[in-house]
Amino acid sequence: RRVSSRARHARRVTAASFEVPRSEGRARDEMGVAFDGTLTPEQVDTYRKDGFLVIPDFASPDEVAGMLRRADELVEAFDPSSVPRSIFTTKDQKRTSDAYFLDSGNHLSFFFEEDAFDESTGELRQAKSQSINKIGHAMHDIDPTFRAFSRSAKVGKLLRSLGMAKPTPVQSMYIFKNPRIGGEVSAHQDSTFLRSDPMTCTGIWIALEDCSIGNGCLWALRGSHTDGVSKQMVVDPSRRDGISFEGEYPSWDLTKFSPLEVKAGTMVVLHGENVHYSAPNTSDASRHAYSVHFVDGEATWDPRNWLQRRTDFPFAALNDDADA
């Protein structure tokens, strides 16, 4: 199989980058030391310097299996004909501006891949389970399995280790990245979509299956979080019926990004201003992942953000202990 020069270099970088932390994870397990989520000073320094942090074995095998199983149950129960055909367009970061998307921060909503439907017949090209791009965006509050992980004590300790006074989950997604159809997510910064004042967006991304270059792993640009955010996705709060963008991203050199080829159970912590992307899944293996984005509850949520909660369903900060 032909491999690009970027991929050949990336594999060398990846092997060197993750050998040490993964061995630390094994050593911790062998000593019987429970990881409570609190980061070491060295891990905090790495996050501050790079704008992301890779933590092997953050999610236990039982947690991983539970989230995979629950996603299967949700998909099995989902009737595609019961909702609008809302497609999550990933290549250029446009989203459908329909009410289904704009209200999805209050629900468990399903979004199809761009190529899921046969345009001539309107039918799915493949099985329902292979056609969905993601489920979002309130899994952390609505579904018991994903709420338990998202609001666990160890997640709270991790975020407080990074200086977040009042960790508050605002968005969650189960991402399928299915074989041969899982689409590209172009280079972006999460704070473009989830802005607070001051900007405090922090993402946690958990690999539920092994991630490789072939099946569309994350790629992150080290140190890019120090350059600011030049683009914002906005919705007029008085109308709530359309999406627009203010500003433009610079042209990033994709050869400078590092691939995060990680094992299932690994957490990647992403600074909201870190630039990252994922390529299409060109393999025969899926790449399921679960992500949650947090802001500091002491910051002000931008009223022009696309994601707005109903007044009877407000954002809720994590408790000091487990909140499941």
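The following paragraphs examine the structure supplied in this document. (Residues numbered from 1 in each chain as written. Predicted model: local features only at pLDDT ≥ 70, side-chain atom pairs only at ≥ 80, totals over all residues. Heavy atoms only, no water.)

**Digging into the overall build of the protein chain**
Along the backbone of the protein chain there are seven helices and 15 strands. Counting every position in the protein chain, which comprises 324 residues, the buried fraction comes to 52%. Taking as baseline every contact in the protein chain between residues at least 6 positions apart, the subset at least 24 positions apart corresponds to 83%. Accessible area of the protein chain: about 14500 Å², with a carbon and sulfur share of 50%. (Helix = DSSP H or I, 4+ residues; strand = E, 2+ residues; numbered from the N terminus. Buried < 20%, exposed > 50% of the residue type's maximum accessible area, 1.4 Å probe, protein only. Contact = heavy atoms within 4.5 Å. Areas by Shrake-Rupley, 256 points an atom, 1.4 Å probe, with all protein chains shown as cover.)

**Examining the pattern of salt bridges**
Taken as a whole and assessed by the stated rule, the structure comprises 12 salt bridges. Measuring nitrogen to oxygen at the nearest pair gives 2.8 Å for the salt bridge that ties R151 to D141. With a gap of 10 residues between them, R151 in the loop between α6 (144-150) and α7 (153-161) and D141 in helix α5 (residues 139-142) connect regions that are remote in the sequence. With a relative accessible area of 13%, D141 lands in the buried category. The closest approach of N and O atoms between R180 and D284, which form a salt bridge, is 3.0 Å. (Salt bridge = Lys/Arg side-chain N within 4 Å of Asp/Glu carboxyl O.)

**Overview of the sheet that holds strand β3 (residues 132-137)**
The seven strands are arranged β1-β12-β7-β14-β4-β3-β2 in an open sheet whose pairing can be described as antiparallel. With partners counted over all chains shown, the strands left at the sheet margins are β1 (52-55) and β2 (108-112), one partner each. On average, adjacent strands in this sheet sit at an angle of 20 degrees to one another, irrespective of strand direction. In terms of strand pairing, β1 meets strand β12 (residues 267-271) through four bridges, oriented antiparallel. Counted as the bridge partner of F52 is L270 from β12. Relative to β1, helix α2 (residues 41-50) is tilted by about 140 degrees, and along the sheet it contacts β1, β7 (202-207) and β12. (Pairing = 2+ DSSP bridges. Axes fitted to C-alpha atoms, helices over the stretch in contact; angles between N-to-C directions.)

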